[in-house]
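So you can see what is in the structure, the chains are spelled out below.
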Amino acid sequence: MSSRLNRREFVAGTAASLGYLFTGPAFSVARAAGANDRLRVAGIGVGGKGSSDIDQAGNLMEVVGLCDADADNLGRKAKKWSHAKTVTDYRKLFDSAEFMRNVDAFTVSTPDHNHTLPAALAIKAKKHVYVQKPLTRTVFESHLLRKLAAANGVCSQMGNQGSTAHGLRRAVELVQAGELGPVTEVHVWTNRPIWPQAPSVTKRYPSVPVPKYLDWEAWIGTAPSRPYAHGPVSQRNPKRGCYHDFNWRGWWDFGTGAIGDMACHTANMAFRALKLGHPIHMSAEAGGVNPETCVSWAHVQMKFPARGDLPPVTLHWYEGRKDGKKVLPPDELVQKSLKVAGRNKLVDSGSILVGSKGIAYSPDDYGSQVYFETGAKTNDSTLPEKLPHNGGGDPGQKKEWVEAIKTGKPKTAYSNFDFAAMLTAAFVLGNVAIRTGKAFDFDGESLTASGCPEAARYIMAEYRKGWDLL
């Protein structure tokens, strides 16, 4: 029997014999949490965004475990929850039968390349999971987590907090009610990247000794091994290196660049409202394409098929600067959007939907504030009429997730993996189009790019021995 789950076996739902995910220990939930029970949570990645994620989860649950490859991050949280088990390597949590019997849920807020393995291990053990956006680094990983979550009945949530906004939910309702008529185009742009990548950085920095506070082996995790490097030292934050922390976003082995960082926010409203799923055709223009770092600019086009009585949609994604100018939608559409919103300048990040009755312009990252050419508009004070109310932002996402767990209703979490995996997969597929430089048709069931065999290595990545995903 193969030691690796091939694509055909995965999409057919076959359980093959596999790497750490399937050969490591598996422990089931020891109890079914009642409505009044105090849930127990562990945080994997508790620095950066992970700091607020575990803090917010800790306001609703008992923190029993903490993991971070950075001892400084770990130490700060250990002072707050002195009884929690602390490790720098998340595999040690899953290897402990005693610990796994006494935990109900995990937050995962590591760099992108280490999202999937701990989330998959947790789900396999029937533990509930909250994973920061983007859900995964690759298309294959997104579909794996979606299938695992459904098969194991866990409650999941991806950390794109704009999903809680009343304005976003009402905008979804309006679009689906026909406010714009049939929508055939979507345009989404971002102010990212705001970290080093092409054109300023296209190759690795010289290796230096690993700092004492960092477990580099655990930080690398599933990615191909490489020596630690620090790069230029910032006077503002001397500890911040070229990989750890934050700047990992611009390296292909660890991050997903601008599209991975922001599309789960900025395209969220449109993706939901239009009931998008697998794109069937991808193409991209990009500058500064290289094997090491994400690109200097890109314009990605995704074509989605008709969905029931909804027409096909072409979605455009724009990032970075080309020849010194920000890559943006066509100027005619920009000017029309500004007129609809009564503004003089386009925002740094936003989205535009184009329908038969007019356009909708959202001048924010989260799609909660929307101006419709028909005269309708939404903002944070606009309550949805059919969708559940939340409006709690980032903490509200944790509250919604906990409610899902306690009621045993995974769909209560609005950004559960059934939706979040499809959103993430579509946009990280954009990185595949960027890296290959080729247009291709895509089959979402087999995860194959027709006529572009080189896409396979980016759709499903290889994993380091000892950290094998499959």
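Along each chain, the written sequence defines residue order, and numbers are assigned to residues from 1. Given that the model is predicted, a residue must reach a pLDDT of at least 70 before its local features are reported, and side-chain atom pairs must reach 80 or more before they are shown or counted; all residues, however, enter totals for whole chains, interfaces and linings. Hydrogens and waters are ignored; side-chain quantities use all the structure's heavy atoms.

### Comments concerning the sheet that holds strand 3 (residues 85–87)
Point 1. A pair of strands is labelled paired if DSSP reports no fewer than 2 bridges between them. Note on conventions: DSSP H or I runs of at least 4 residues are helices, E runs of at least 2 residues are strands, and numbering of each starts at the N terminus. Spatially, 3-2-1-4-5-6 is the arrangement adopted by the six strands of the open sheet, whose pairing is parallel. For this open sheet the edge positions go to strand 3 and strand 6 (156–159), each flanked by a neighbour on one side alone. In this sheet, adjacent strand axes meet at a mean angle of 15° when their direction is disregarded.
Point 2. Here strand 1 (residues 40–44) pairs with strand 4 (residues 105–108) via four bridges, running parallel. Each residue of the ladder has a partner; that of I44, found in strand 4, is V108.
Point 3. Of the strands in this sheet, strand 2 (62–67) and strand 3 are in contact with helix 4 (residues 71–80), which crosses strand 2 at around 160°. In this description, a line fitted to the C-alpha atoms serves as the axis of each element, helices being fitted only across the stretch in contact, and the angle between N-to-C directions of two axes falls anywhere from 0 to 180 degrees. In this analysis, two residues are considered to be in contact whenever any of their non-hydrogen atoms come within 4.5 Å of each other.

### Details of the packing of aromatic side chains
Point 1. In this analysis, rings of Phe, Tyr and Trp, with Trp reduced to its six-membered ring, are considered paired at centre separations within 6.5 Å, and the interplanar angle assigns stacked below 30 degrees, edge-to-face beyond 60, and tilted for intermediate values. A complete count under the given rule lists 16 aromatic pairs for this structure.
Point 2. Geometrically, the ring pair formed by F94 and F106 is stacked, given 5.0 Å between the ring centres and 25° between the ring planes. One end of the pair, F94, is in helix 5 (residues 91–94); the other, F106, is in strand 4, with twelve residues separating them in the sequence.
Point 3. Whether a residue is buried, partly exposed or exposed follows from its accessible area with a 1.4 Å probe, protein chains only, as a fraction of its type maximum: under 20%, in between, or over 50%, in that order. Relative accessible area serves as the criterion here: at 2%, F94 is assigned to the buried category.
Point 4. F106 sits in the buried class, given a relative accessible area of 0%.
Point 5. Between W216 and Y243 the ring centres are 5.9 Å apart and the planes differ by 20°, which places this aromatic pair in the stacked class. With a gap of 27 residues between them, W216 in helix 10 (residues 216–220) and Y243 in the loop between helix 10 and helix 11 (257–266) connect regions that are remote in the sequence.
Point 6. On the basis of relative accessibility, which here comes to 1%, the residue Y243 falls in the buried class.
Point 7. Among the aromatic side chains, those forming a connected cluster through ring pairs are W216, W219, Y228, Y243, W251 and F254.
Point 8. By the criterion adopted, a ring carries a charge over it if an Arg CZ or a Lys NZ lies within 6 Å of its centre and within 35 degrees of its normal. Positioned above the aromatic ring of Y213, the side-chain terminus of K239 is 4.3 Å from the ring centre.

### Some details on the confidence of the model for the protein
Point 1. Scored by pLDDT, the protein comes out at a mean of 93, with 92% of its residues at no less than 70.
Point 2. pLDDT measures how confident the predictor is about each residue, on a scale from 0 to 100. Of the regions scoring below 50 in pLDDT, residues 1–18 engages in 39 contacts with residues more than four places distant in sequence or in other chains.

### Topic: the packing of helix 7 (residues 116–124) against helix 8 (residues 139–152)
Point 1. Remark: helix 7 packs on helix 8, axes separated minimally by 9 Å, with the N-to-C direction vectors making an angle of 15°. The angle between the axes of helix 7 and helix 8 places the two elements in the roughly parallel class. You can see that helix 7 and helix 8 cross each other, and the crossing is left-handed. Residues T116, A119, A120, I123 and K124 of helix 7 form the contact with helix 8, whose own contacting residues are E141, L144, L145, L148, A149 and N152.
Point 2. Lys, Arg, Asp and Glu make up the charged group, whereas Ala, Val, Leu, Ile, Met, Phe, Trp, Tyr, Cys and Pro make up the nonpolar group; the residues left over, Gly among them, are polar. Residue composition of the contact of helix 7 with helix 8, grouped by class: seven nonpolar, two polar and two charged. Angles below 35 degrees are treated as roughly parallel, those above 145 as roughly antiparallel, those between 65 and 115 as roughly perpendicular, and all remaining angles as oblique. Less than a right angle of anticlockwise turn of the near helix away from the far helix marks a crossing as left-handed, whereas a clockwise turn marks it as right-handed.

### So, the pairing of strand 13 (residues 358–362)
Consecutive residues of a regular strand have side chains that alternate between opposite faces of the sheet.
Point 1. Burial of strand 13 is extensive: five of the five residues sit out of reach of the surface.
Point 2. Pairing of strand 12 (residues 350–355) with strand 13 involves five bridges; the strand directions are antiparallel. Bridge pairing in strand 13 places V354 opposite I359.
Point 3. Hairpin connection between strand 12 and strand 13: a loop of two residues separates the two successive antiparallel strands.
Point 4. Sheet topology places strand 13 next to strand 14 (residues 370–372); two bridges connect them, and they run antiparallel.

### Re the pattern of salt bridges
Point 1. In what follows, salt bridge is the name for a side-chain nitrogen of Lys or Arg lying within 4 Å of a carboxyl oxygen of Asp or Glu. Enumeration over the complete set of coordinates arrives at 25 salt bridges.
Point 2. We note a salt bridge from D418 to R146, for which the minimum N-O separation is 3.2 Å. Of the two residues, D418 sits in helix 15 (residues 417–436) while R146 sits in helix 8, which places them 272 residues apart along the sequence.
Point 3. When its relative accessible area of 36% is taken as the criterion, D418 is described as partly exposed.
Point 4. Residues E292 and R204 are paired through a salt bridge, measuring 2.9 Å at the closest nitrogen-oxygen approach. Of this pair, E292 sits in the loop between strand 8 (281–287) and strand 9 (297–304) while R204 sits in the loop between strand 7 (183–189) and helix 10, placing them 88 residues apart in sequence.

### Some details on the nonpolar core
Point 1. Buried residues of nine kinds, namely Ala, Val, Leu, Ile, Met, Phe, Trp, Tyr and Cys, make up a nonpolar core once their side-chain atoms join them within 4.5 Å. The biggest cluster of nonpolar side chains holds 109 residues, and the ones touching the most others in it are F106, L353 and F427.
Point 2. It is helix 15 that contributes the most residues to this core, 14 residues altogether.
Point 3. In contact with L353, not counting residues within four places along its chain, are V175, L180, V183, E185, V186, M269, A270, L274, G358, I359 and A360.

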